[in-house]
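# A look at the structure
Spelled out, the chains give:
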2 protein chains.
Amino acid sequence: MNYFSSDFKLGILGGGQLGKMLLFDTRKFDIQTYVLDPSDEAPSKIACNKFFQGDLMDYETVYNFGKQVDVLTFEIELVNLEALTQLENEGLKVYPSPKTLKGIQNKGVQKQFYAENNIPTAPFERFENLDNLKSKINDLKLPFVWKCTEFGYDGNGVKVIRQVSDLDSLPNVECIAETMIPFKNELAVIVCRNPSGEIKTYPVVEMEFHPEANQVEYVICPARIDEKVAEKARAIALNVSEKFNHVGLLAVEMFQTNDDEILVNEVAPRPHNSGHYSIEASYTSQFENHLRAILDLPLGNTDSKVAGIMVNLVGAEGFSGDVVYENIETILGWNGVTPHIYGKKQTRPFRKMGHVTIVNEDMAEARRIAEEVKNTIRVISN
Amino acid sequence: MNYFSSDFKLGILGGGQLGKMLLFDTRKFDIQTYVLDPSDEAPSKIACNKFFQGDLMDYETVYNFGKQVDVLTFEIELVNLEALTQLENEGLKVYPSPKTLKGIQNKGVQKQFYAENNIPTAPFERFENLDNLKSKINDLKLPFVWKCTEFGYDGNGVKVIRQVSDLDSLPNVECIAETMIPFKNELAVIVCRNPSGEIKTYPVVEMEFHPEANQVEYVICPARIDEKVAEKARAIALNVSEKFNHVGLLAVEMFQTNDDEILVNEVAPRPHNSGHYSIEASYTSQFENHLRAILDLPLGNTDSKVAGIMVNLVGAEGFSGDVVYENIETILGWNGVTPHIYGKKQTRPFRKMGHVTIVNEDMAEARRIAEEVKNTIRVISN
């Protein structure tokens, strides 16, 4: 198959920032791209060959879009699975496969998959809906973590239940109750696999939390953990990847417990926030490797050239409207600092508006600069 | 001035590969871009906010385009200088300034500028046209280098004259005759300067020639030369930059003579082929730094993370038509190899269709892989 400067068409479901960054590499390789997204202001709109506005959860819309392309991928899991399955049955290359996505899209199914495949994960119970959970509340040990099984993202759909009344405001949807396990670190490993079976893992990264707010502040590559723990995390990620038999990227999020056990939290079968550092720090970025994987090209080197830290740029509290990046000029003056602005016109509290990568030969220096970046730039409105 | 996610508009004259690569960084920063190019198939077309088809040498076209933007830059020197001058007089920020471009666009004027500013360059004489040169042929020492002063690029418009009959096929245009100086190396330094006067230089790079074909095969960063020679080259490039008082990038091409003298060959006031390695090897690519400079933002770190080598992908002899990149899948499997396909549909012998960057911690290994790349990939037609 000749992809480069040809009539070959890659379809991407979703036109957000992940798609936008993926599109940079399709341009570098001169591969034609079609994008489907519900928003007319999607960040990807400007960088694809053809943009289609439409509902990603609608069977007809996704099916008709898929019929126009040669390979289909997605940058968001919330897409119509039946349409993908039908397209795959009709012979279209859909990567990752809807079979993989089916095991991931619903968190209850995903957790079940880990249990059935002996993949270490926190103990859990599945419930059809909240009423069902409430009726069995006496069997559950407080505190536990409530998670809705579908449509949750970026912390939405997750809540720590410390007392029964914490359940009051929750929606009556399918959910799981997960045992709360104290952990030292949240880790992630991105695994990359092509249809020919070539497989590579990126280094283990660490999510550093704000000591009080309990919010991820920095993604740090490589994780500042013991080499043996890192090896264990990579081995478990590879095992998860093998069991899902995925094509493309699989981001495996894990907990490192206080006893240095590794528990799988959840996975995403696509480029992931925890891999954004790779654009500047790695020999081959996660986006380029996702593209190489789904086109069955040889995978690129996943090693790092230098230490990399990523800081998310989210909308500041108290600001909604036309976005302004306060002090972005200041941080541009610091060594190894690269902002990535996603191109969303409007900010809202906690909306992901961009990220900043800090690279340096010296990890401690990168960490110091990252903290200054975090304390300096603000996403506000005018 | 607020550039990011705002109504600010950057205009770019020229929509070739240099503009295309520059546009990647405007997307990363979410800066609105307007592009003017004569070709409806310009590589930049897909990555800008608004594309205009038109003649870059036409006064009205360039002037009207300029009136729609807030800052104007170019990716090719062959643009209408009068229009730029008029726009600048009316208060538009044009970077580099038409005053700078005026000293560069015509090679006779450029050489004169070096002579007047005590910048070392090969001795030369200017001629109104070829007839004029022929009439003074007895004063010139053979061999010498004939160069037309305008509209030459990529080796067009340059010829070594070893005997008088070599002049026969040349056009009767303004030209210079330059003394042929034997040299060891062809070097280049890219200087970056913003309107506030911040200035940085990239490392000295080396163009390695094919031993027989006398054609540049590799651009190598850093140049494998004595540190003292590198310092001298950097100092001379800074001096040239200061004299031109430019804003944006200035690529300074130089000869290292057999006596380790440095002679300035020519300059380009824009991102340059000799800086393409910087996308993968440098902390900040030449394109991002051009953008930072013309927007008067702080300049990024010009140091390298790793050794970088660039190989140009030019159309193979004997092939014209729809392009095919033979064996591109093979080279993608090698460590640190990244192809950049410019997006031109048609190949012709020697047409610049893309480039390949090879990065590695070890320069000798990078050089070995670069040679394999050169010997493996071919730009042909089907």
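Residues numbered from 1 in each chain as written. Chains lettered and ligands numbered in written order. Predicted model: local features only at pLDDT ≥ 70, side-chain atom pairs only at ≥ 80, totals over all residues. Heavy atoms only, no water.

## Regarding the overall build of chain A
- Scanning chain A from terminus to terminus reveals eleven helices and 21 strands.
- Dimensions of chain A, computed from the C-alpha atoms along their principal axes, are close to 60 × 50 × 45 Å.
- Burial analysis of chain A (382 residues in total) assigns 61% to the buried set.
- Within chain A, residue pairs in contact and separated by at least 24 positions form 61% of the contacts whose partners lie at least 6 positions apart.
- A total accessible area of about 15,100 Å² is found for chain A, and carbon and sulfur atoms account for 45% of it.
- When the 39 positive and 54 negative side-chain charges of chain A are each reduced to one mean point, those points stand 1 Å apart. (Helix = DSSP H or I, 4+ residues; strand = E, 2+ residues; numbered from the N terminus. Buried < 20%, exposed > 50% of the residue type's maximum accessible area, 1.4 Å probe, protein only. Contact = heavy atoms within 4.5 Å. Areas by Shrake-Rupley, 256 points an atom, 1.4 Å probe, with all protein chains shown as cover. Lys, Arg positive; Asp, Glu negative; His and termini not counted. Charge placed at Lys NZ, Arg CZ, Asp CG, Glu CD.)

## A short note on the packing of aromatic side chains
- Within this structure, the stated rule accounts for 22 aromatic pairs over all chains.
- Plain terms: the ring middles of A:Tyr3 and A:Phe4 are 6.4 Å apart, the flat faces sit at 80° to each other, and that makes the pair edge-to-face. Exposure class is identical for A:Tyr3 and A:Phe4. Each is buried.
- Judged by centre distance (4.2 Å) and plane angle (10°), the rings of B:Phe113 and B:Phe244 are stacked. Residue B:Phe113 is found in helix 5 (residues 107-116), and its partner B:Phe244 is found in helix 7 (residues 227-244); the two are separated by 131 residues along the sequence.
- By relative accessible area, B:Phe244 is classed as buried at 6%.
- Each member of the aromatic cluster is reached from another via a ring pair, and the members are A:Tyr3, A:Phe4, A:Phe8 and A:Phe29.
- For the cation-ring pair, A:Lys305 lies above A:Tyr283, with the distance from its terminal atom to the ring centre recorded as 6.0 Å. (Phe/Tyr/Trp six-rings, centres within 6.5 Å; stacked < 30°, edge-to-face > 60°. Lys NZ or Arg CZ within 6 Å of the ring centre and 35° of its normal.)

## With respect to the environment of B:Thr376
Residues and elements named next belong to chain B.
- Checked against the element boundaries, Thr 376 lands in helix 11 (residues 363-376).
- Separated by 50 residues in the primary sequence, Thr 376 and Glu 326 have C-alpha atoms spaced 8.1 Å apart.
- Once you skip the residues sitting within four places of it in the chain, Thr 376 turns out to touch Glu 326, Asn 327, Thr 330, Ile 331 and Trp 334.

## Topic: helix 4 (residues 98-105) of chain A
Residues and elements named next belong to chain A.
- Most of helix 4 is tucked away, with six of its eight residues classed as buried.
- Those residues of helix 4 not exposed but buried are Pro 98, Thr 100, Leu 101, Gly 103, Ile 104 and Gln 105.
- Regarding helix 4, its N-cap is Ser 97, as a side-chain oxygen of that residue lies 3.0 Å from the backbone nitrogen of Lys 99 further along. (Polar contact = N/O pair within 3.5 Å; in protein donor to acceptor, adjacent residues only side chain to side chain.)

## Points about the pairing of strand 18 (residues 337-341) of chain B
All names here are of chain B.
- Along strand 18, five of the five residues are buried, which leaves the element largely enclosed by surrounding structure.
- Residues of strand 18 alternate between two faces, with Val 337, Pro 339 and Ile 341 on one and Thr 338 and His 340 on the opposite face, all of them buried.
- Strand direction decides the pairing type here: strand 18 and strand 20 (residues 352-360), joined by five bridges, are antiparallel. Counterpart to Pro 339 in the pairing with strand 20 is Val 356. (Pairing = 2+ DSSP bridges.)

## Here we look at the domain arrangement of chain A
- Looking at chain A, the domain boundaries give domain 1 (9-94), domain 2 (123-179) and domain 3 (183-381).
- Averaged C-alpha coordinates put domain 2 of chain A and domain 3 of chain A at centres separated by 28 Å. (Domains from an automatic or database assignment.)

## Examining the relation of the copies chain A and chain B
- By a simple turn and slide, chain A fits onto chain B: the slide is 0.0 Å along the axis, the RMSD is 0.0 Å, and the turn is 180°. Classification of the inter-copy transformation places it as that of a two-fold axis. For chain A, the smallest separation between a C-alpha atom and the rotation axis is recorded for A:Ala47, amounting to 2.6 Å.
- Taken together, the interface assignments show that 100% of the residues at the interface of chain A recur at the interface of chain B, consistent with an identical surface on both copies. (Least-squares fit on C-alpha atoms with pLDDT ≥ 70 in both.)

## Points about unusual backbone geometry
- Following B:Tyr95, the chain continues to B:Pro96 via a peptide bond in cis, the omega torsion being -5°.
- Checked against the element boundaries, B:Pro96 lands in the loop between strand 5 (93-94) and helix 4 (98-105).
- Backbone torsion omega between B:Leu142 and B:Pro143 reads -10°, so that peptide bond is classified as cis.
- Position of B:Pro143 among the secondary structure elements: in the loop between helix 6 (130-135) and strand 7 (144-148).
- A positive phi angle, near 50°, is found at A:Asp30, a position not held by glycine.
- Following the sequence through the fold, A:Asp30 ends up in the loop between helix 1 (17-28) and strand 2 (32-37).

## Points about the pattern of salt bridges
All names here are of chain B.
- The final tally for this structure, using the stated rule, is 40 salt bridges over all chains.
- Its salt-bridge partner being Glu 266, residue Lys 107 comes within 3.3 Å of it at the nearest N-O pair. You can see Lys 107 sitting in helix 5 and its partner Glu 266 sitting in strand 15 (residues 262-268), a full 159 residues away along the chain.
- Residue classification places Lys 107 among the buried positions, given a relative accessible area of 14%. (Salt bridge = Lys/Arg side-chain N within 4 Å of Asp/Glu carboxyl O.)

## Regarding the sheet that holds strand 1 (residues 9-13) of chain A
All names here are of chain A.
- Ordered by their spatial adjacency, five strands build an open sheet running 3-2-1-4-5, and the pairing between neighbours is parallel. With partners counted over all chains shown, the strands left at the sheet margins are strand 3 (50-53) and strand 5 (93-94), one partner each.
- In this sheet, strand 4 (residues 71-74) lies alongside strand 1 in parallel orientation, the contact comprising four bridges. Pairing of Leu 10 across the sheet is with Val 71, part of strand 4.
- Along the sheet, helix 1 contacts strand 1 and strand 2; its crossing angle with strand 2, the most-contacted strand, is approximately 160°. (Axes fitted to C-alpha atoms, helices over the stretch in contact; angles between N-to-C directions.)

## Structural notes on the UniProt feature "binding site: ATP" (unreviewed entry) in chain A
All names here are of chain A.
- In the UniProt entry, the feature "binding site: ATP" (unreviewed entry) is given for Lys 107, Lys 147, Glu 178, Thr 179, Met 180, Ile 181, Glu 186, Asn 265 and Glu 266.
- Its place among the elements puts Thr 179 in strand 9 (residues 175-179).
- Residue Thr 179 is classed as partly exposed on the basis of its relative accessible area, which comes to 39%.
- Beyond its immediate stretch of four places on either side in the chain, Thr 179 contacts Ala 122 and Pro 123.
- In this fold, Asn 265 is placed in strand 15 (residues 262-268).
- Of the residues examined, Asn 265 reaches a relative accessible area of 12% and is grouped as buried. (UniProt positions renumbered as here; feature names shortened; annotations may be inferred.)

## What about the interface of chain A and chain B?
- The interface is formed by 44 residues belonging to chain A together with 44 residues belonging to chain B.
- Here chain A and chain B share an interface that buries about 3,700 Å² over both sides, 58% of which is from carbon and sulfur atoms.
- Considering only the surface of chain A that becomes buried against chain B, A:Ile46, A:Tyr283 and A:Leu332 emerge as the three largest contributors, covering 17% of it.
- Applying the counting rule to chain A against chain B returns zero salt bridges.
- Taken together, the links from chain A to chain B amount to twelve residue pairs in polar contact (both at pLDDT 80 or more).
- Elements that contribute at least two residues to the side of chain A that touches chain B include exactly helix 1, helix 9 (286-294), strand 17 (321-326), helix 10 (328-332), strand 18 (337-341) and strand 20 (352-360) of chain A.
- When residues in the side of chain A that touches chain B are grouped by element, the largest group, five residues, is from strand 18 of chain A. (Buried area = accessible area lost by both parts, 1.4 Å probe.)

## Concerning the side chain of A:Thr338
- Relative to the elements of secondary structure, A:Thr338 occurs in strand 18.
- The buried category is assigned to A:Thr338, whose relative accessible area is 4%.

## Here's the deal with empty space enclosed by the protein
- Following the criterion strictly, the structure yields six cavities of 30 Å³ or more and no others.
- Lining the largest cavity are 32 residues, and of these A:Lys28, A:Ile279, B:Lys28, B:Ile279 and B:Glu280 lie nearest its centre.
- Those elements that provide at least two residues to the lining of the largest cavity are helix 1, helix 8 (278-281), helix 9 and strand 18 of chain A together with helix 1 (17-28), helix 8 (278-281), helix 9 (286-294) and strand 18 of chain B.
- Grouping the amino acids of the lining of the largest cavity by side-chain chemistry returns ten nonpolar, twelve polar and ten charged. (1 Å grid on protein atoms, 1.4 Å probe; cavity = no way out; pocket = protein on both sides within 12 Å on 5 of 7 lines; lining within 4 Å. Points joined across faces, edges and corners; volume = space filled by probe spheres on them. Nonpolar A, V, L, I, M, F, W, Y, C, P; charged D, E, K, R; others polar.)

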